[in-house]
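Notes for the structure review
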Amino acid sequence: MKILVTGGLGYIGSHTVAELYRHGHQAVIIDDLSNSSRQVLPALENLVGTNIPFYQLDILNQDGLARVFEQEFPVDGIIHFAAKKAVNESLQKPLIYFENNITGLLNIVRCVEDFNVNNLVFSSSCTVYGQPERVPVTESTPTTRSVTPYGNSKLIAEMILEEYTRLHKGLGTVMLRYFNPVGAHESATIGELPIGVPANLMPFITQTAAGVRERLKVFGSDYNTRDGTAIRDYIHVVDLADAHVKAIEWLQEHPDEVEFFNVGTGTGQTVLEVIESFERSTGQKLNYEIVGRREGDIEQIWADTTKVEQVLGWKATRTLDEMTSSAWKWECALRAQKS
Ligand code: NAD
Ligand code: WQD
């Protein structure tokens, strides 16, 4: 299949492009490089062993998008990653988040309609569940309004896509609700490229171990969990990438359907367990201190993955130690490139 991947040079997008080729598909990438580097393209091409069509384009440019779809017609499916994702920034710049994540999505849907695309996979997030009453969460756990424009942009996007897919004959849509993607490709040639001070746990850990940050702050030790620190469902980015391939292949066999899937491992880990795994798998001692809770954080969430296993036949296979060690290998490769 020829799959158009928006945001294909980003963290999850680049790993998904690699998995698409590994499974015999082709990709066409659209990315405006607003949160990624052009250098990812040659690294990816090297990994997959062929040239990959790339358009540097903002998805807010509807005419530019239409030209790409005309040029690449017919496209067998779209995986739509392109969005802004910094939760805190979205509180400062809500309009930019709504434009990118909602208007951008509408522009993609316009191309679905104008160029008869049959399959769409959308990057959603476990953020749509907020702090659920019960864990693990299934896909029928109620979704809830978020306290951030970023979170609400995912909720609104899901609603738009669900309704549009039901009304528009010929389109099938899968929404993947990611839990906490971490780690990097085993080759250490692609990985996460956080700009500035990382807000997320894993890049903060690896940058601390690399000496770029002095100390990791562990946010909160008084949660109602086994060691008092918050619990998340960390998932290896290559497993997550593989779920996209399964989703787009499933849509080929299930035209006109609209489905939501949790994409996690089905197990929750505390912050301290992630740190222990990092120290064990890399042999690095991590400098950290326990501080107060971070505002807006939830206590615990992890996925019930029964549905994605049964319907898509997908299951995460990589361990937490593989996540932490691959994240470290990538951090070391990045440092080596820079020096
Ligand atoms: P990322 O920032 O690394 O990748 C997004 C890519 O999209 C970047 O390369 C960026 O340059 C591009 N982009 C952004 N706006 C664009 C625009 N207007 N036009 C063209 N390209 C644009 O982020 P990621 O972590 O790979 O996330 C991918 C998707 O997954 C996003 O939709 C994000 O909201 C969602 N998601 C991410 C996480 C996570 O923890 N990383 C969790 C849940 C959901
Ligand atoms: C994980 C855990 C922190 C940094 C965010 C978004 C969510 C989703 C994934 C996109 C938490 C703790 C972190 C640090 C710490 N993204 N932590 N010290 O908060 O689960 O989710 O990313 O959809 O929408 O909100 O991820 O990596 O920031 O934090 O102790 O320096 O690590 O408190 O318990 P989070 P995270």
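Everything discussed here concerns the structure shown above.
Here we summarise the structure given alongside this text.

The rules behind the values
Residues numbered from 1 in each chain as written. Chains lettered and ligands numbered in written order. Predicted model: local features only at pLDDT ≥ 70, side-chain atom pairs only at ≥ 80, totals over all residues. Heavy atoms only, no water. Helix = DSSP H or I, 4+ residues; strand = E, 2+ residues; numbered from the N terminus. Rg over C-alpha atoms; globule rule 2.2 N^0.38 Å. Buried < 20%, exposed > 50% of the residue type's maximum accessible area, 1.4 Å probe, protein only. Contact = heavy atoms within 4.5 Å. Areas by Shrake-Rupley, 256 points an atom, 1.4 Å probe, with all protein chains shown as cover. Axes fitted to C-alpha atoms, helices over the stretch in contact; angles between N-to-C directions. Parallel < 35°, antiparallel > 145°, perpendicular 65-115°, else oblique. Left-handed = near helix turned anticlockwise from the far one by under 90°. Nonpolar A, V, L, I, M, F, W, Y, C, P; charged D, E, K, R; others polar. 1 Å grid on protein atoms, 1.4 Å probe; cavity = no way out; pocket = protein on both sides within 12 Å on 5 of 7 lines; lining within 4 Å. Points joined across faces, edges and corners; volume = space filled by probe spheres on them. Phe/Tyr/Trp six-rings, centres within 6.5 Å; stacked < 30°, edge-to-face > 60°. Lys NZ or Arg CZ within 6 Å of the ring centre and 35° of its normal. Near = heavy atom within 4 Å. Polar contact = N/O pair within 3.5 Å; in protein donor to acceptor, adjacent residues only side chain to side chain. Pairing = 2+ DSSP bridges. Right-handed = clockwise from strand over helix to strand, strands pointing away.

Our focus in this paragraph is the overall build of the protein chain. Scanning the protein chain from terminus to terminus reveals eleven helices and 13 strands. Against the globule reference of 20 Å for 339 residues, the protein chain gives a C-alpha radius of gyration of 19 Å, in line with a compact fold. Taken along the three principal axes of its C-alpha coordinates, the protein chain extends 55 × 45 × 40 Å. Taken over 339 residues, the protein chain has a buried fraction of 54%. Of the contacts made within the protein chain by residues no fewer than 6 positions apart, 81% connect residues no fewer than 24 positions apart. Element-wise, carbon and sulfur atoms account for 47% of the exposed surface of the protein chain, whose accessible area totals about 15100 Å².

Contact pair helix H7 (residues 201-209) / helix H9 (residues 271-282): the axes reach a minimum separation of 11 Å and the direction vectors enclose 40 degrees. Here H9 runs oblique to H7, going by the angle between their axes. By crossing handedness, the relation of H7 to H9 is classed as right-handed. Packed against H7, whose contacting residues are Leu201, Met202, Ile205, Thr206 and Ala209, the element H9 presents Val271, Val274, Ile275 and Phe278 at the interface. Looking at side-chain class alone, the contact of H7 with H9 contains eight nonpolar, one polar and no charged residues.

Quick look at unusual backbone geometry now. In this model, Phe73 is joined to Pro74 through a cis peptide bond whose omega is -5 degrees. Of note in this structure, Leu33 is not a glycine but carries a positive phi near 60 degrees. Of note, Leu33 is situated in the loop between strand E2 (26-31) and helix H2 (40-48).

Counted as a void, the second largest pocket has a volume near 210 Å³. Lining of the second largest pocket is provided by Glu19, Arg22, Ala184, His185, Glu186, His236, Val238, Arg318, Glu322, Ser325, Ser326 and Lys329. Counting residues per element, the ones that place at least two in the lining of the second largest pocket are helix H1 (11-22) and helix H11 (320-338). With four residues, H11 is the single largest residue contributor to the lining of the second largest pocket. Counted by class, the lining of the second largest pocket contains two nonpolar, four polar and six charged residues.

What the rule picks out here adds up to four aromatic pairs. With a centroid separation of 5.7 Å and an interplanar angle of 85 degrees, the aromatic rings of Phe278 and Trp328 are classed as edge-to-face. Of this pair, Phe278 sits in helix H9 while Trp328 sits in helix H11, and the two are 50 residues apart along the sequence. The ring of Phe261 is capped by Lys307, whose NZ or CZ atom sits 5.0 Å from the centre of that ring.

In the vicinity of ligand 1 lie 26 residues, with Asp31, Asn35, Ser36, Phe81 and Tyr150 positioned nearest. Here an oxygen atom of ligand 1 sits 3.3 Å away from a polar atom, N or O, in the main chain of Gly10. Here ligand 1, which alone exposes 820 Å², has 94% of that area covered by the protein. Listing elements by their share of the shell around ligand 1, those giving two or more residues are H1, strand E5 (119-125) and helix H6 (149-167). Here the shell around ligand 1 is composed, by residue class, of twelve nonpolar, nine polar and five charged.

Before going further, it helps to examine the sheet that holds strand E11 (residues 258-263). If you trace the seven strands from one edge of the open sheet to the other, you get E3-E2-E1-E4-E5-E6-E11, paired in parallel fashion. Pairing within the sheet leaves two strands with one partner each, and these edge strands are strand E3 (54-56) and E11. Averaged over all pairs of adjacent strands, the angle between strand axes in this sheet comes to 20 degrees, irrespective of strand direction. Sheet strands touched by H1: strand E1 (2-6), E2, strand E4 (77-80) and strand E6 (172-178). Its angle to E2, the strand with the most contacts, is close to 165 degrees.

Right, let's get into the pairing of E2. For E2, a buried count of five out of six residues is recorded, marking the element as mostly surrounded by other parts of the structure. Examined bridge by bridge, E1 and E2 share five bridges and lie parallel to one another. If you follow Val5 over to E2, its bridge partner there is Ile29. Crossover handedness for the path E1 to H1 to E2: right-handed. Of the strand pairs in this sheet, E2 and E3 are connected by three bridges, and their pairing is parallel. Of the residues in E3, the one forming a bridge with Ile30 is Tyr55. Following the chain from E2 across H2 to the adjacent parallel E3, one finds a crossover that is right-handed.

Our next topic: the site of ligand 2. In the neighbourhood of ligand 2, 18 residues make up the surrounding shell, with Ser125, Tyr150, Lys217, Arg232 and Asp297 lying closest. Taking Tyr150, its side chain carries an N or O atom lying 2.7 Å from an oxygen atom of ligand 2. Arg294 places a side-chain nitrogen or oxygen 2.8 Å from an oxygen atom of ligand 2. Within the complex, the protein chains bury 86% of what would otherwise be the 690 Å² of accessible surface of ligand 2. By residue number, the principal contributor to the shell around ligand 2 is strand E8 (residues 216-219), which donates four residues. When the residues that make up the shell around ligand 2 are grouped by side-chain class, the tally is ten nonpolar, four polar and four charged.

Keep in mind that these numbers describe shape and distance, not what the molecule does.
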